[in-house]
Structures are given as C-alpha cells and as structure tokens.
Amino acid sequence: MASPSTSNLSPKLLLLSLLFGSFVVASVGNLYQDLDITWGDGRAKILDNGQLLTLSLDKASGSGFQSQDEYLFGKIDMQLKLVPGNSAGTVTAYYLSSQGPTHDEIDFEFLGNLSGDPYILHTNVFSQGKGNREQQFYLWFDPTADFHTYSVLWNPQRIIFSVDGTPIREFKNSESIGVPYPKNQPMRIYSSLWNADDWATRGGLVKTDWSLAPFTASYRNFNANACVWSSGSSSCSSNSPSSTSTNGGWYSQELDSTSQERMKWVQKNYMIYNYCTDTKRFPQGLPLECTATTTS
C-alpha cells in the first residue's frame, strides 16, 4: 500500500510517521488488499466491498485463503465467527506457517461440535518441523453467535495467543536450553474450512452430517502490525533495535502481571489439554520447555 502523504501532518505525527512508517503494516480493512483465496472452487468469497470473507464446506470440498504478504514477526489479528449449529467433524483452521519439511507454524484450530456442545480451540507451535505442543481450550462464550478477535503476537522472545485481548497461552523462546524457536523463517497467514471427521469431534466418533451443508465460517477486520518479508529482506531491517522495540510495543512485548493473571484464569477454568502435563505421552520426560517455565 502507498504511504499516506505526510505534508499535512503535525510535527509530532510526522516524527511518528518517520520513525514507524516503514515498520508498521496496518491493514485498512479491505480484504482484497490483504488476502488471496487459494482453493475451494468458488466456496470462498470476499463480500461487502472487501469487508467480509466467508469460507464454506460441503461434501465435495472445503475452501481456504492465505495472506498476500509473508511476515517475520508481528501481531496478527482476525475476527472470526465460526460455523453455527451442528458443526461436528469440521475444522476451521487459522494459522501462520512457513513452507518445507522443517517449517515453522503457529496454529489456531477450531474443532467442530454437536449442537449444544462447546467448540474446542486447539493451539500448537511448530519449530523446524517439530510440533506436538498442543494446548486445548473451551471458550467462555459462543463463538458462533458473533465475531470475536483471535490474535497471535510473535516476536523474538515469545509467542502469545489471545482471544478478545485476553492471553490464553504463551510460548517463550527457550533456545538457551536447546528448544528450537520460530525466528528465521517468514510465515504467511492461512485459513481453511475442511472436513476432519476422522478425528475432529470426540476423536472421530461423531461424523459430519452432510445434510446440514454447506457449513460456513466468516472473517473480518484482518490486521497485521508486522515485519513484511520480501525479496529476502525484512521491512524492519532498516530500523535500529531501539526504534523497533518501541513500535507499538509488540516487538518486545511481554505479559505484565495483569495479563499473566488473566492467562492463569483462562488456563485454570478453560484449558482441557496441556501437553506439558501429559506424562503418559512423554514417558521419558516432559519436553524441556515444560519444565523451564510454567506458561510455555
């Protein structure tokens, strides 16, 4: 996007623009400018002059989209409204990912439900091709009744998953103890709505009811305050560490005491699975990051 004219800015705003203008990529809400529909043969649609995107799933196919830009660190926000009613067997995936066998990935996945049962929010972090870092949550609201904001903050020190501004999970950089951390591979945003009734709902016991198709999830208000990766370099590389660290706070952001308490509240009341407590799964010992911190 072209930069706005600075000729009419106040001196203070002009200084802010010069400091941060090349660093912040702030979407203006037009999804045509930010996202590309990648598959689904017409089942994905951008509507309302670029203000709304819908993905649909029927027995023949699901659908998906990806961001036009790649990012190497950023704060990514998207509002989603999930498939209503009986969505058993469906998965709405919204995630960051690089490419290749040693890819990095940061996942939100929403596992469908029978009517009246809660959705399961499934999170995971992959680094250098290795995942198996699942944490799962119920939500404290009906995610099909309205739009809610799902955010990933990814900086060199940590990854923070948030829902409506409430942090639910933090994955810290634990390279100092030998845990790989996603920091070198640029990632795109991807989302897809697809059938996973072999595992998604009650371990695959509940199948998709195709008589209810098409299933539809909705997206709006995508926003990326991020370092855009292009032609082998980052849009942030020309900025000094001192300027990037103050930009909007996200590049060096960590959870303050209030946010830590809110995350603990979510994990105490709504977390239903944590790989860091699954001793049966890791009989030789929990992953290193699990014992390094209590929030990884």
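Residues numbered from 1 in each chain as written. Predicted model: local features only at pLDDT ≥ 70, side-chain atom pairs only at ≥ 80, totals over all residues. Heavy atoms only, no water.

Keep this limit in mind: UniProt positions are given in the numbering used here, feature names are shortened, and annotations may be inferred rather than shown by experiment.
Under an unreviewed UniProt entry, the protein has the name Xyloglucan endotransglucosylase/hydrolase and belongs to Vitis vinifera. The Sequence similarities (unreviewed entry) comment attached to the protein in UniProt states, word for word, "Belongs to the glycosyl hydrolase 16 family."

Notes on the state of the cysteines
Our working rule: Sulfur atoms of two cysteines make up a disulfide when they are within 2.5 Å. Runs of E in the DSSP output that reach at least two residues are strands. Runs of H or I that reach at least four are helices, and both are numbered from the N terminus. The buried label goes to any residue with under 20% of its type's maximum accessible area, the exposed label to any with over 50%, and the partly exposed label to all in between, with areas taken from a 1.4 Å probe on protein chains only.
For the structure shown, the criterion picks out two disulfides. In this model, Cys 276 is linked to Cys 290 through a disulfide, with the two sulfur atoms separated by 2.0 Å. Between Cys 276 and Cys 290, the disulfide has an S-S torsion of -75° and is therefore left-handed. Taken together, the residues span a long stretch of sequence, with Cys 276 in the loop between strand S16 (271-274) and helix H5 (288-292) and Cys 290 in helix H5 at a distance of 14 residues. With a relative accessible area of 11%, Cys 276 lands in the buried category. By relative accessible area, which is 12% here, Cys 290 ends up buried. With its disulfide-bonded cysteines labelled consecutively along the sequence, the protein is connected as 1-2, 3-4.

A short note on empty space enclosed by the protein
Quick reminder of the rule: A pocket here means an open set of points on a 1 Å grid, computed over the protein atoms alone, that has protein on both sides within 12 Å along at least five of seven lines. A cavity is instead a set of points where a 1.4 Å probe fits but cannot get out; residues with an atom within 4 Å of a point line either one. Grid points are joined across faces, edges and corners, and a volume is the space filled by probe spheres set on the points. Only Asp, Glu, Lys and Arg are considered charged, only Ala, Val, Leu, Ile, Met, Phe, Trp, Tyr, Cys and Pro nonpolar, and every remaining residue, Gly among them, polar.
Enumeration according to the criterion identifies one cavity of 30 Å³ or more in this entry. Of the volumes computed, that of the largest cavity is approximately 40 Å³. Taken together, the elements giving at least two residues each to the lining of the largest cavity come down to strand S6 (90-97) and strand S7 (105-111). Looking at the lining of the largest cavity element by element, the count peaks at three residues for S6. A per-class count over the lining of the largest cavity returns eight nonpolar, no polar and no charged.

Comments concerning the confidence of the model for the protein
Operational definition: Each residue carries a pLDDT value, the predictor's own confidence for that position, ranging from 0 to 100. Throughout, a contact is declared for two residues whenever any of their heavy atoms are within 4.5 Å.
Overall, the prediction assigns the protein a mean pLDDT of 88, with 85% of residues at 70 or greater. When the criterion is pLDDT under 50, residues 1-27 qualifies, and its contacts beyond four places in sequence or with other chains add up to 38 contacts. Long-range and interchain partners of residues 240-246, a stretch whose pLDDT sits below 50, account for eight contacts in this model, where long-range means more than four residues apart.

Brief notes about the environment of Gln 51
Along the chain, Gln 51 falls in the loop between strand S2 (45-47) and strand S3 (52-57). With relative accessibility at 39%, the residue Gln 51 sits in the partly exposed group. Spatially, the C-alpha atom of Gln 51 lies 9.2 Å from that of Phe 222, the residues being 171 residues apart in sequence.

Thoughts on helix H4 (residues 257-270)
Worth spelling out the cut-off: Expected helix span is computed as 1.5 Å times (number of residues minus one). Arc definition: directions from the helix axis to the C-beta atoms.
When the terminal C-alpha atoms of H4 are compared, their 20 Å separation across 14 residues agrees well with the 20 Å that a helix rising 1.5 Å per residue should span. Taken together, the buried positions of H4 are Ser 259, Met 263, Val 266 and Gln 267. One side of H4 carries all its buried residues, which in axial view fall inside an arc of 95°. Away from its buried face by more than 90 degrees, H4 exposes Ser 257, Thr 258 and Lys 268. At its buried positions, H4 is contacted by strand S9 (135-137), strand S12 (166-172) and S16.

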